[in-house]
Structure formats: structure tokens, C-alpha cells
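Here's the letter readout for the chains.
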Amino acid sequence: MTEPSGRRERKKAATRQKIAHTALSLFLEHGYEAVGIRDVATEADVAVTTVFAHFASKEALVFERDPDFEQRLTRAVTDRPAHESPVPALHREVQALVRHCTAEGSAPVRRMIEGSPALREYEDSMGLRHAQALAAALAADPALSRSVTACRATARFAIDAYALACRADDPEATVDEVFRMIEAAWEATAP
């Protein structure tokens, strides 16, 4: 996320970070299902309304970096060099995102997500939203001249590459394999 510039924005960002950190610590220590929003608010020393001012739901506390994820994917398309296809740019960005989700210390969070139907459902809905934003970024680039269907499929497969890799024994190889398929499909849809 971009660094907040004003004092008020910095304080809001610090409060948001404190709430998210507190929630994750409580979830990992006691189990996601056993911890309520009131518990998070009490431990973070904020009001329940403050938690909801920063996070729309309990699930959102686990995925607090969600806006960054979506921005990174769309920027991989919009900020790539003019001569570059979007697929290699997305490939690099998804690899970087996967390295983060598989970094040392991330396994307990991944297990918590996998063990909670509510978190898995929330993660799936986020993936759909990310795919829509990414498809819109691909479709908005007139230089790409691909159909809406091609843009939607490419976006969905890129999101799926991330999801598959975060659960794979060899995350990097998984991303590479899926992106070989994405590249072939992208080239096949060229006008």
C-alpha cells in the first residue's frame, strides 16, 4: 500500500495495522472460529465500531493486504513496458505474490485459511473480484485487442495460478506451468 502522507492518515493506517496484527495473533493462538470481533477489539484496545470502520468483516481481518494484491496485479498490466505482452508481466507478479504466500512463517496462516470454510469462501470471492479487476485492466488496453472473453479467461487463470501455487509442493514450478498454458491461450486469441 502507498504510505499515508498526513498525520491523520498515518494514525488510521497504524490503527488498521494494529487491529489486523492483533486479530491474526489471536486467530493463530486460539483458532479462527473461537475468536470474535469483540475479542479482537478488546485485545487491540479499540471499540468494535473501530474494527468495523477498518474491516468490513471478520474474514477481512485475515486478508488485510487484499487491496495491495489487486493493485499489484492490475499494475502489472497497466505499468508494463509498451512492447511487452501482459502475460510475462503477470507471470512475474504472480511469482512474487506466491513467494510471499509461501514465505517462511506463512504456513500457519495458510493452514488456518484451509481449515476454515468461511475463510476459504471469502478467499474464493476475493479471487473472483481480483479476476474481474484484472480482466477490466486487460480489456481497457487498446493495444492488446483481445475479446472480453479472452481477457476474463486470462485473468481467471492468473488468479488460479496463484491459488494453486500457494497450495502446491513446488509453488514456482506450478506458476510456471500454468503460465505456459496462459501464454499459449493468449497467443491463440491474437487477432
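The structure this text deals with has already been given above.
1. Let's talk about the environment of R92
Moving on, step 1. With respect to the helices and strands, the residue R92 is situated in helix α6 (residues 86-101).
Moving on, step 2. Taking the C-alpha atoms as reference points, R92 and A76, separated by 16 residues in sequence, lie 8.4 Å from one another.

2. Regarding the pattern of salt bridges
Moving on, step 1. Considering all chains together, one arrives at ten salt bridges under this definition.
Moving on, step 2. Across the pair R167 and E123 runs a salt bridge whose closest N-O atoms are separated by 3.0 Å. Here R167 is found in the loop between α9 (148-166) and α10 (171-188), whereas its partner E123 is found in helix α8 (residues 117-140), with 44 residues between them in sequence.
Moving on, step 3. Residue R167 is classed as partly exposed on the basis of its relative accessible area, which comes to 40%.
Moving on, step 4. Overlapping salt bridges bring together R110, E114, E123 and R167 as one network.

3. Observations regarding unusual backbone geometry
Moving on, step 1. Within the chain, D45 stands out as a residue other than glycine whose phi angle is a positive 60°.
Moving on, step 2. Here D45 shows up in the loop between α2 (37-44) and α3 (48-54).
Moving on, step 3. The exposure class assigned to D45 is exposed, which follows from its relative accessible area of 67%.
Moving on, step 4. Positive phi, close to 40°, is recorded for S145, a residue that is not glycine.
Moving on, step 5. Of note, S145 is situated in the loop between α8 and α9.
Moving on, step 6. The class for S145 is partly exposed, based on a relative accessible area of 43%.

4. A few points about the nonpolar core
Moving on, step 1. Within the largest apolar cluster, 29 residues are counted, with the highest numbers of intra-cluster contacts made by L73, L90, V94, L134, L138, Y162 and F179.
Moving on, step 2. A per-element tally of this core places α9 first, with eight residues.
Moving on, step 3. Here L138 is in contact with V77, P86, L144, C151, T154, A155 and W186, once residues within four sequence places are set aside.

5. Thoughts on the packing of helix α5 (residues 66-78) against α6
Moving on, step 1. At a closest axis distance of 8 Å, the pairing of α5 and α6 adopts a crossing angle of 155°. The angle between the axes of α5 and α6 places the two elements in the roughly antiparallel class. In terms of crossing hand, the pair formed by α5 and α6 is right-handed. Mapping the contact onto sequence places F69, R72, L73, A76 and V77 in α5 and P86, A89, L90, E93, V94, A96 and L97 in α6.
Moving on, step 2. In terms of residue class, the contact of α5 with α6 is built from ten nonpolar, no polar and two charged.

6. So, the environment of R111
Moving on, step 1. Considering the arrangement of structural elements, one finds R111 in helix α7 (residues 107-114).
Moving on, step 2. For R111, a relative accessible area of 57% puts it in the exposed group.
Moving on, step 3. For the pair R111 and L28, spaced 83 residues apart in sequence, the C-alpha separation works out to 9.7 Å.

7. Things to note about the state of the cysteines
Moving on, step 1. What the rule picks out here adds up to one disulfide.
Moving on, step 2. Between the sulfur atoms of C101 and its disulfide partner C166 the distance amounts to 2.0 Å. Taking the sign of the S-S torsion, about -120° here, the bridge from C101 to C166 comes out left-handed. A residue pair is termed long-range when its members are at least 10 positions apart, and C101 in helix α6 and C166 in helix α9 qualify at 65 residues.
Moving on, step 3. Overall, C101 belongs to the buried group, its relative accessible area being 12%.
Moving on, step 4. Of the residues examined, C166 reaches a relative accessible area of 8% and is grouped as buried.

Analysis parameters
Residues numbered from 1 in each chain as written. Predicted model: local features only at pLDDT ≥ 70, side-chain atom pairs only at ≥ 80, totals over all residues. Heavy atoms only, no water. Helix = DSSP H or I, 4+ residues; strand = E, 2+ residues; numbered from the N terminus. Salt bridge = Lys/Arg side-chain N within 4 Å of Asp/Glu carboxyl O. Buried < 20%, exposed > 50% of the residue type's maximum accessible area, 1.4 Å probe, protein only. Core = buried A, V, L, I, M, F, W, Y, C linked by side-chain atoms within 4.5 Å. Contact = heavy atoms within 4.5 Å. Axes fitted to C-alpha atoms, helices over the stretch in contact; angles between N-to-C directions. Parallel < 35°, antiparallel > 145°, perpendicular 65-115°, else oblique. Left-handed = near helix turned anticlockwise from the far one by under 90°. Nonpolar A, V, L, I, M, F, W, Y, C, P; charged D, E, K, R; others polar. Disulfide = S-S within 2.5 Å.

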